[in-house]
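# Geometric and topological summary
Here's the letter readout for the chains.
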Amino acid sequence: MEKREQLYEGKAKKVFATENPDCVIVSYKDDATAFNGLKKGTITGKGAINNRVTNYLMQLLEKEGVPTHFVEELSDRETVVKKVSIVPLEVIVRNISAGSFAKRYGVEEGIVFDAPTIEFSYKNDDLGDPLLNTSHALALKLATPAEIDAIKAMSFKINDVLKAFFKNVGVDLVDFKLEFGKTNDGKLVLADEISPDTCRFWDSKTHEKLDKDRFRRDLGNVEDAYAEMMKRILG
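The sections below set out a description of the structure shown in this document. As a convention, each chain's residues are numbered from 1 in the sequence order in which they are written. A pLDDT threshold of at least 70 governs which residues receive local features in this predicted model, and a stricter bar of 80 or more applies before side-chain atom pairs are shown or counted, although totals over entire chains, interfaces and linings include all residues. To get the side-chain values, take all heavy atoms of the structure and skip hydrogens and water.

### A closer look at the pairing of strand β14 (residues 199-203)
Along β14, five of the five residues are buried, which leaves the element largely enclosed by surrounding structure. Judged from the five bridges that link them, strand β12 (residues 171-183) and β14 form a sheet pairing that is antiparallel. The residue bridging L173 from the neighbouring strand is F201, located in β14. Here's how the labels work: a residue is buried when its accessible area is under 20% of the maximum for its type, exposed when over 50%, partly exposed in between, all with a 1.4 Å probe on protein chains only. Strands here mean DSSP runs of E at least two residues long; helices mean DSSP runs of H or I at least four residues long; both are numbered from the N terminus. One requirement defines pairing of two strands: DSSP has to find at least two bridges between them.

### Notes on the nonpolar core
Counting residues in hydrophobic clusters, the biggest one holds 44 residues, and the most contacted among them are L89, I158, F166 and F180. Those elements giving two or more residues to this core turn out to be β4 (31-34), α1 (46-63), β9 (89-96), α4 (145-168), β12, β13 (188-191), β14 and α6 (222-234). At eight residues, the largest contribution of residues to this core is made by α4. Core analysis: the next-biggest nonpolar cluster, separate from the first, contains five residues, V24, V26, Y28 and V81 among them. Only buried Ala, Val, Leu, Ile, Met, Phe, Trp, Tyr and Cys residues count toward a nonpolar core, and they belong to the same one when joined by side-chain atoms within 4.5 Å.

### Topic: the pattern of salt bridges
Where charged atoms from two side chains of opposite charge approach closely, those side chains can pair. Every case where a carboxyl oxygen of Asp or Glu lies within 4 Å of a side-chain nitrogen of Lys or Arg is listed as a salt bridge. In total, this model carries 27 salt bridges according to the counting rule given. As a salt-bridge pair, E179 and K123 come within 3.3 Å of each other at their nearest N and O atoms. Linking E179 in strand β12 with K123 in the loop between β10 (112-122) and β11 (131-132), this pair joins segments that are 56 residues apart in sequence. Assessed through its relative accessible area of 5%, E179 is described here as buried. Judged by its relative accessible area of 32%, K123 falls in the partly exposed class. In this structure, D175 and R200 form a salt bridge, with 2.9 Å as the shortest nitrogen-oxygen distance. Of the two residues, D175 is situated in strand β12 and R200 in strand β14; the sequence distance between them amounts to 25 residues. Residues D175 and R200 agree in their burial class; the two are buried.

Nothing here speaks to function; it is all geometry.
See the structure below:
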């Protein structure tokens, strides 16, 4: 696959065109941001870890019947994915109270929910990705009713698969963010990434944080936490 002109650069990745109009190459960066880009830094080796971890988990989900944008890993940092138009809904699935949920509702972190929760936010940096409900999403024409139903069903299935997988490697999947996209032929697929950048991972025994919260909260050992997650996931 030939890498052509750069189409886009986001906070964590660059996207390049290829000779195939249905595929792009994603290149992962070591740049780290938090709080909608207000905090910036670098996590050495993060790009390679997030690339490899995402690809492994996407393939795991494909085997379980979840369609994803993954095509082929090219190198430590670069992967061919299906070209998608991103549905401007960020989906957050939570199994345990943490982060903005705990803050918003004034509860402590670490409450294990009886059932997972799901929330949507409007993918819009200028507005700070505000929370919205299904009727808001429909009013703004961000997705159709059928797409929202499919996104919810896929999100809960992804949670079931990943929760079981992480339990086996001694990690609690606290919460995570998903993005979905539509391929050129209109198929809804899981896109973006699944990594310590987009998930909260706690060690099942010690509850040590093994994710981007170490960067957000200046906890130190950020690189070590990412490396530890890669080791547990890839074995």
